[in-house]
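Remarks on the overall topology
This is what each chain is made of:
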Amino acid sequence: MLKGLKKGALARSLWVYHVSASPCNNCDIEILDLLTPRFDVERFGLLLVGSPRHADLLLVTGMVNKKVLDRVLRVYAQTPKPCLVAAFGSCAISGDLFVDSYNFAGPLDKHIPVDVYIGGCPPKPEAMILGVVRAIEKIKKLKDL
Amino acid sequence: MPDEVTKTQNLEKNGAYIGGKGFFPQRDSEAEFKRVEGQCREFYPEGELNLVSKRRWYWEIAAEDVVKVADFCFNTLGCRFSIATGEDIPRGFTILYHFSLDRLGLLINVRVTLPHDDPQVDSLSVLGRGFEWIEREMHEILGIEFRGLGDTRHLLLPDDSPDDYHPYRRSFG
Amino acid sequence: MAELERKIIPIGPFHPLQEEAEYFKLTVEGEKVVGLDIQLGYMHRGHEKICEGKTYDQIPFVVERICGICSTSHPFACVQAIEDAAGIEIPPRAAYIRTIIGELERLHSHLLWVGLAGHFLGYNTVWMWAWKYREPVLEMLELITGNRNHYAMFKPGGVRRDIEGGMIPPLLQVLDDADKKILMLTKAILDDPVLHKRLEGVGVLTKEKAVEYSVVGPTARASGLATDVRKDDPHAAYDWIEWEEIVLHEGDVFAKAKVRLLECFESTKIIRQCLGKLKDLPEGEIDARMEYPPDGEGIGRYEAPRGEVFHYVKGDGSLYPRRYKIRAPSFMNVKSNEVAVLGGSVADAAITLAAVDPCYCCTERIAAFNTKGKLLYTWDDLLKLSQEKTARMGGGS
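What comes next concerns the included structure. (Residues numbered from 1 in each chain as written. Chains lettered and ligands numbered in written order. Predicted model: local features only at pLDDT ≥ 70, side-chain atom pairs only at ≥ 80, totals over all residues.)

Per the secondary structure count, chain A includes 5 helices and 5 strands. Taken from the N to the C terminus, the helices and strands of chain A come in the order α-β-α-β-β-α-β-α-β-α. Here the C-alpha radius of gyration of chain A, 15 Å, is about what a compact globule of 145 residues would show, namely 15 Å. With respect to the principal axes defined by its C-alpha atoms, chain A has extents near 50 × 35 × 25 Å. Residue burial in chain A is summarised as follows: out of 145 residues, 44% are buried. A separation threshold of at least 6 residues defines the contact pool for chain A, and within that pool the share at least 24 residues apart is 82%. (Helix = DSSP H or I, 4+ residues; strand = E, 2+ residues; numbered from the N terminus. Rg over C-alpha atoms; globule rule 2.2 N^0.38 Å. Buried ≥ 20, exposed ≤ 12 C-beta atoms within 10 Å, placed from the backbone. Contact = placed C-beta atoms within 7 Å.)

As structure tokens, this is what we get:
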């Protein structure tokens, strides 16, 4: 019964931590935009937190460059499991046009396991909400927590 | 601008908000351009000043005189330093310093060429702090030595990059 | 009495919700800031090298992704550099459309800054309202260009899409609404006595230091330097319409905020005049074909919301450029923080660093360290200090 309660609680209120691994800041602004009155995700229970230790969902933006890769891995290690990882924007999914760069350290799923891919450049706020809904569905399907 | 903003902020009285067609009415005056050209040629006649277009001038100078000419542009003419571009070409490294004379909208681009085997030039950080970062960047991406530049830490590349890693160098021959 | 120890305070990246706090090194004695060291490198993606491998019609898409907030400023300067090198003249309708897109972006960027500055000071209502009134501007951009950011409107020789007659009435309606809302925000901010006490005299950049650091944009115009690329280097439609440049002399954070707010009014004025002129030009003539790739050097500049964006291209007649140089305005502005934070208190550090409107993706991210390497406050702590100071003075919401 406790497991069901845990799953239910997690699914109703996801705490999101935003990791920016060298983005162009467009995705970051769209994430902050979600808190503003037009989209207002806090009514869904989503909260943007200031520390990875409180996070349930890691939202990673940006093409991961060599200097920041170490930090991304450290943040992932610090986040208490189970946690979901969402690759936000086409830079995190595949590197977009930066694959040719000398500073490119590989798309995100080469280094950490990714659960949700939210595509777009930048993804529209509606797409992000859809991505979070998919993440919640995934949590509900998790066999153990 | 709504009147209520102008009035409550006393903008016109405080000497601010001088608008209109620009602060410098001589921006398009041919005589002013000719005068500046004369000053440049008189100061450093050994250089090659190409007036490629009305507002884009390219000035080839010797590497030893870079501080002298930069001081002329920055202090005497009153230019603002915009940025510098470093490039690796077959005959050596070139650094193109872009100085912007805002009252005419003119860009004076000063070019120096350095040899491949010993790329050294005097640092312009003696003239102002605005030159430091771009020199640090050129030092790490091209390997150019700036004599007198105090801070030579990595600016953009990771701190653990090897000392001979210069991504913008090309291999010729 | 024991000597005051010098401690360093790390301040994290600009956006409070970004990871890791170790980018700004503030050296602090007691409550006063006595030094600042800046470290970059976390966003370096190698754009200049990527551009060397792309053809001239692909480069505007690459440079657009340098920054998401000043998204159109980089393509604007880029196409001007290519046109300068190739000697192309664009048709007048394209010039007006470019100006309209550029000024719409300036509106959304300044409103974004006002919101974030409000958040740093503890005025969360200002944050929510500024970003709410930014939404109609983004909707208009989506109507004209197809995307809220990263518009992909520019190509060497003109623009890619036309503004059709049917788009103009909703755009004028949005501009009228925006004017009223910006007036309300301006009065709320400039007439608030607590904000005057909080921001006046804080983070002062004198004119001599502004010249020494070669700052650009509203940072320079708030310190008495009359530099605005739209007035200095005539391009697009800026010389064909009436508008005013705004220069103040105090150099503090309040002056920087004033410059940005007053520029919003000028932007709506420019857009209205351009829309009026578009009606007289025949639809469809928006592109001058580039016959041959450029052979020579070209420089393009544009006044982004943060300052002068500088692009340099060197072509050799082939499809690919030999060298492409990009300099974003924050590269020059961020370094001036070294003098602007000196002498101020720790609680004011957050707003001083934010006042130059740093676009770190354009520049790189900055870290704060302390002299002994001891962590005193994180970014969240500094933000809280700033918000608490405002609350003590009686303001904030």
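Further notes follow.
As a further point, take the overall build of chain B. Along chain B, the regular secondary structure elements total 4 helices and 7 strands. Secondary structure of chain B in N-to-C order comes out as α-α-β-β-α-β-β-β-β-α-β. Pairs at least 24 apart in sequence give 51% of the contacts found in chain B among residues at least 6 apart.

On to the sheet that holds strand β3 (residues 57-61) of chain A, then. Residue and element names in this part refer to chain A. Strands sit in the order β2-β1-β3-β4-β5 across an open sheet of 5 strands; the sheet is parallel. At either margin of the open sheet sits one strand with a lone partner, and together these are β2 (47-48) and β5 (116-118). In terms of strand pairing, strand β1 (residues 15-20) meets β2 through 2 bridges, oriented parallel. Within the sheet, the bridge partner assigned to W15 lies in β2 and is L47. Strands in contact with helix α5 (residues 125-141) are β3, β4 (84-88) and β5; relative to β5, the strand with the most contacts, it is inclined by about 170 degrees. (Pairing = 2+ DSSP bridges. Axes fitted to C-alpha atoms, helices over the stretch in contact; angles between N-to-C directions.)

Our focus in this paragraph is the packing of helix α4 (residues 92-121) of chain C against helix α5 (residues 124-145) of chain C. All names here are of chain C. For the pair α4 and α5, interaxial distance at closest approach is 7 Å and the crossing angle is 165 degrees. Of the possible angle classes, the one that applies to α4 and α5 is roughly antiparallel. The interaxial crossing formed by α4 with α5 has left-handed handedness. Residues L104, L107, H108, L111, L112, V114, G115, L116, G118 and H119 of α4 lie in contact with α5, whose contacting residues are N124, V126, W127, A130, W131, Y133, R134, V137, L138, M140 and L141. Each residue belonging to the contact of α4 with α5 can be placed in one class, and the counts come to 15 nonpolar, 5 polar and 1 charged. (Parallel < 35°, antiparallel > 145°, perpendicular 65-115°, else oblique. Left-handed = near helix turned anticlockwise from the far one by under 90°. Nonpolar A, V, L, I, M, F, W, Y, C, P; charged D, E, K, R; others polar.)

All names here are of chain A. Within β1, 5 of the 6 residues are buried, which leaves the element mostly enclosed by the surrounding structure. Running through helix α2 (residues 26-33), the crossover from β1 to the neighbouring parallel element β2 is right-handed. Relative to β3, β1 runs parallel, the two sharing 5 bridges. By the bridge assignment, V16 is partnered in β3 with L57. (Right-handed = clockwise from strand over helix to strand, strands pointing away.)

The next thing to look at is the packing of α5 of chain C against helix α6 (residues 168-190) of chain C. Two numbers describe a pair of packed helices, the interaxial angle and the distance between the axes. Residue and element names in this part refer to chain C. Two numbers describe how α5 lies on α6: the axes approach to 10 Å, and their chain directions differ by 160 degrees. The orientation of α5 with respect to α6, classified from their angle, is roughly antiparallel. As α5 packs across α6, the resulting crossing turns out to be left-handed. Contact residues: α5 offers W129, A130, Y133, P136, V137, M140 and L143, while α6 offers P170, L171, V174, D177, A178, K181 and L185. Its residues assigned to classes, the contact of α5 with α6 shows 12 nonpolar, no polar and 2 charged.

Across the contact, 31 residues belong to chain C and 30 residues belong to chain A. Take the side of chain C that touches chain A: its biggest share by element is 4 residues, from α5 of chain C. Each residue belonging to the side of chain C that touches chain A can be placed in one class, and the counts come to 13 nonpolar, 10 polar and 8 charged.

So, about the nonpolar core. Across soluble globular proteins, nonpolar side chains show a tendency to be buried alongside one another. Core analysis: the largest hydrophobic core is formed by 201 residues, its most contacted members being V60 and A86 of chain A together with I108 of chain B. In terms of residues, this core owes the most to one element, α4 of chain C, which gives 16 residues. Both domain 1 (6-43 + 339-393) and domain 2 (47-330) of chain C contribute no fewer than three residues apiece to this core. In this view, A86 of chain A contacts L57, L58, L59, V60, D115, V116, I118, G131 and A135 of chain A; residues no more than four positions away in its chain are not counted. (Core = buried A, V, L, I, M, F, W, Y, C linked by C-beta atoms within 7 Å. Domains from an automatic or database assignment.)

Glancing now at the sheet that holds strand β6 (residues 295-304) of chain C. Strand pairing within a sheet occurs via backbone hydrogen bonds; the two strands may be parallel or antiparallel. All names here are of chain C. Across the sheet, which stays open at both edges, the 3 strands sit in the order β6-β7-β8 with antiparallel pairing between neighbours. The open sheet has two edge strands with one neighbour each: β6 and β8 (323-327). Taken pair by pair, the neighbouring strands of this sheet meet at an average axis angle of 10 degrees, ignoring direction. Note: strand β7 (residues 307-316) against β8, 5 bridges, orientation antiparallel. Bridge pairing in β8 places Y312 opposite K325. Packing of helix α3 (residues 73-86) onto the sheet brings it into contact with β6 and β7, and relative to β6 it is tilted by some 150 degrees.

Note that every value here comes from positions in space, so none of it alone points to a role or purpose.
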